[in-house]
Amino acid sequence: MSDITLAAVAAVYGDGIRLIFDGAASKSKKHCKRNTAVKYPTGDGAKICKNFGTDILIGVL
């Protein structure tokens, strides 16, 4: 089963990103892997698919 949630890009690193999930006051402690060919500007919205407990970044909004 998968659910779609929204988040904002909080920080971008060479090998991943940190997100602020909707309703959260601060950025997640989880360091998510990212596709390095795609630009993820800090502050942009992100679409997340949660699939079997794993957050998958689908893309920025």
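Computed from a predicted structure; not experimentally measured.

Q: Tell me about the side chain of Asp55, and please be specific about residues and values.
A: By secondary structure assignment, the location of Asp55 is in strand S5 (residues 54-60). Within the structure, the side chain of Asp55 is placed 3.0 Å from the side chain of Lys50, a separation counted as a polar contact.

Q: Quick one: what's the story with the nonpolar core, residue by residue and with numbers?
A: Among the nonpolar cores identified, the biggest contains nine residues, and these are Ala7, Val9, Ile17, Leu19, Cys32, Tyr40, Ala46, Ile48 and Leu57. Looking at this core, the elements that each hand over two or more residues are strand S1 (2-12), strand S2 (16-21) and strand S4 (45-51). Sequence-distant contacts of Cys32, that is, excluding residues within four places in its chain, are made with Asp15, Gly16, Ile17 and Leu19.

Basis of the calculations
- Residues numbered from 1 in each chain as written.
- Predicted model: local features only at pLDDT ≥ 70, side-chain atom pairs only at ≥ 80, totals over all residues.
- Heavy atoms only, no water.
- Helix = DSSP H or I, 4+ residues; strand = E, 2+ residues; numbered from the N terminus.
- Polar contact = N/O pair within 3.5 Å; in protein donor to acceptor, adjacent residues only side chain to side chain.
- Core = buried A, V, L, I, M, F, W, Y, C linked by side-chain atoms within 4.5 Å.
- Buried < 20%, exposed > 50% of the residue type's maximum accessible area, 1.4 Å probe, protein only.
- Contact = heavy atoms within 4.5 Å.

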